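Close look at the chain arrangement
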Amino acid sequence: MSEEFEVKMPKLGESIVSATVVSWMKKVGDRVDLDEPLLEVSTDKVNSEIPSPVAGVLKEIRAKEEQTYDVDAVICVIETSQATTGEIDQTPIHAQPTEDQSDRSGFYSPAVLRFAKENGIAMSELETIKGSGGGGRLSRKDIQRYLSEKGGPSTHSSLERVKMTGMRKAIADHMVKSFYQAPHATLVSEVDVTDILDHIKSVKESFLAENGAKLTITTYIMMAIAKAALKFPYINASLDGDTIVLKKFVNVGIAVSVDQAILVPVVRNAHSMSAVDMAKSVADLAGKAKSQTLSPDEVQAGTITMTNFGMGGALIGIPIIRFPEVAIVGVGKLDRKLCVMDDDSTAIRTKVHLSLTFDHRVIDGMYGCGYLEEVKRILESGQ
C-alpha cells in the first residue's frame, strides 16, 4: 500500500528560519532512495544538500528554485510503497569525495552534472575542466569560469547580467536587515603590531613544524578580540526585543571570502584558547570554508565577528554588524611607517587600523572606545 509523504524544509541551524532552493537533483517521476540527495539549498551562512527522509517516487515538487521558504514548509511530496512511522531525520548532508576519489577531479556532484548538461557540456569536455575545490573537485563556479574563458554571448556584448546566487541573495537580505534594523556606529584605532610580527617571524618555522598550522597576526587579533570581550561583556551580547542577552562565552566568527560570497565559520570558546589552539582552529575552518565543506554547526552561535579587509589592500573599512550580534571588528592592511617614539627618536613600525562597528542601541560610544583600547593594549603589550 502506497502513501504520500510530505518532505519539509529542515532547520539548518539554531538561528536559521528559512533557506533558498538552489537546485533540484531529482525531477517529478524519479525514483528516490533513502538518504539520497534531493536538492541543494542555501542560507547566508552555508550551502547544504537535503537528503530524502524516505524511499519512493518523487510525486510533486512544491518549492521552486531561487525561491526562499521557511523552515517546516512542505517542499515536495514523495510516494512511498509503505507507511513511514517514527521521527524522520532531515539533517542536511554535504557532498564529500570518497577515499579513492578525494585525489582526483573526476568526481561530480549532481548539481554540477545538471549545470553542465544545461550548458551543453558533454562528459568528455567536463573532464578537461580544472576544479578548484577540495581534492580538485569541480564546482559550478569552475564551469562558469570555463564558459566565460571559452567565449559566448557575454564576450561580444558591452553588458552582462549576472543573477545573484541563492547564497549571495541570502547574504544581501541579511545585511539589509542588519543595517536598517540596528543603528550602526563605528570607531577606529591604530595599533602597533611590530613586536607581535617580530615574534611570529622568530618562531614561524618551528611553530608550523610542531603544530601543523601557521602562526599569523590573525591568531593574535582573534585572541585579543575574545579576551577584551570578557572585560566588556556588552560587546559580546545580542538583543532580543528589549532584552540584552549577555554571554559568558566568546565565539568569534571569521569572515572568509568564497566565490564572490562571504562565509563566517565560528571559533567557539575563543576566550579560553591558546595561540596553538587558535591557529589550528582558524586554519581548519578557513580551509573548510574555501572547499565549501563547512557543516551548519560550524557557522552557528557566533557572538562577535572579525573581518579582514586588509587582505584586499584596504587600510580602513566600516563593516556591517552580523545580526543578531551587536559588534564586529574590521582589520585593515598592515602598514609600515616612520613613527616618533616616546623618547622623541624615530623608528619604522608596523601599524594596523582596527575598526569597531557596534549597535548603538546596546553600546554607547565611550564603552566602545574602552573595548577598542583594551584590544589595542592586549596586542601591544603581548598579554
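Here goes a summary of the coordinates provided. The model shown is predicted, which means the values in this text are computed figures rather than measured ones. (Residues numbered from 1 in each chain as written. Predicted model: local features only at pLDDT ≥ 70, side-chain atom pairs only at ≥ 80, totals over all residues. Heavy atoms only, no water.)

Before going further, it helps to spend a moment on a nonpolar patch on the surface. On the surface, Val188, Leu315, Ile316 and Ile318 cluster together to form a nonpolar patch covering roughly 350 Å² of accessible area. With respect to the helices, strands and loops of the structure, Ile318 is situated in the loop between β16 (304–308) and β17 (327–331). (Patch = residues over 30% accessible without salt bridge, like charges linked within 9 Å, V, L, I, M, F, W, Y side chains within 5 Å. Areas by Shrake-Rupley, 256 points an atom, 1.4 Å probe, with all protein chains shown as cover. Salt bridge = Lys/Arg side-chain N within 4 Å of Asp/Glu carboxyl O. Helix = DSSP H or I, 4+ residues; strand = E, 2+ residues; numbered from the N terminus.)

Turning next to the nonpolar core. Membership of the largest hydrophobic core comes to 56 residues, with the highest contact counts inside it found for Ile304, Tyr371 and Leu379. Counting residues per element, this core draws most heavily on helix α6 (residues 217–231), which supplies 10 residues. One finds Ile16, Trp24, Leu39 and Tyr69 within the second-largest nonpolar core, a separate group that totals 20 residues. (Core = buried A, V, L, I, M, F, W, Y, C linked by side-chain atoms within 4.5 Å. Buried < 20%, exposed > 50% of the residue type's maximum accessible area, 1.4 Å probe, protein only.)

Scanning the entire structure with this criterion turns up 3 aromatic pairs. Taking 6.3 Å as the distance between ring centres and 80° as the angle between the ring planes, the aromatic pair formed by Phe232 and Tyr371 counts as edge-to-face. With Phe232 in the loop between α6 and β10 (238–240) and Tyr371 in helix α8 (residues 365–381), the pair connects residues that are 139 residues apart, well separated along the chain. On the basis of relative accessible area, Tyr371 is assigned to the buried category, the value being 0%. Their ring planes at 90° and their centres at 5.8 Å tell us that Tyr234 and Tyr367 sit as a pair that is edge-to-face. Pair noted here: Tyr234 is in the loop between α6 and β10 and Tyr367 is in helix α8, with a separation of 133 residues, a long-range link. An aromatic cluster is defined as three or more aromatic residues linked by ring pairs; in this entry it consists of Phe232, Tyr234, Tyr367 and Tyr371. (Phe/Tyr/Trp six-rings, centres within 6.5 Å; stacked < 30°, edge-to-face > 60°.)

Neighbouring strands of a sheet are bound in pairs by backbone hydrogen bonds; such pairs are parallel or else antiparallel. Taking strand neighbours across the sheet as the criterion, the 4 strands line up as β5-β4-β2-β7 in an open arrangement whose pairing is antiparallel. What marks the edges here is a single partner per strand, and that holds for β5 (47–51) and β7 (68–70). On average, each strand axis in the sheet is tilted by 40° relative to the strand beside it, whichever way the strands run. Sheet topology places strand β4 (residues 37–42) next to β5; 5 bridges connect them, and they run antiparallel. Note that in β5 the partner of Glu40 across the bridge is Glu49. (Pairing = 2+ DSSP bridges. Axes fitted to C-alpha atoms, helices over the stretch in contact; angles between N-to-C directions.)

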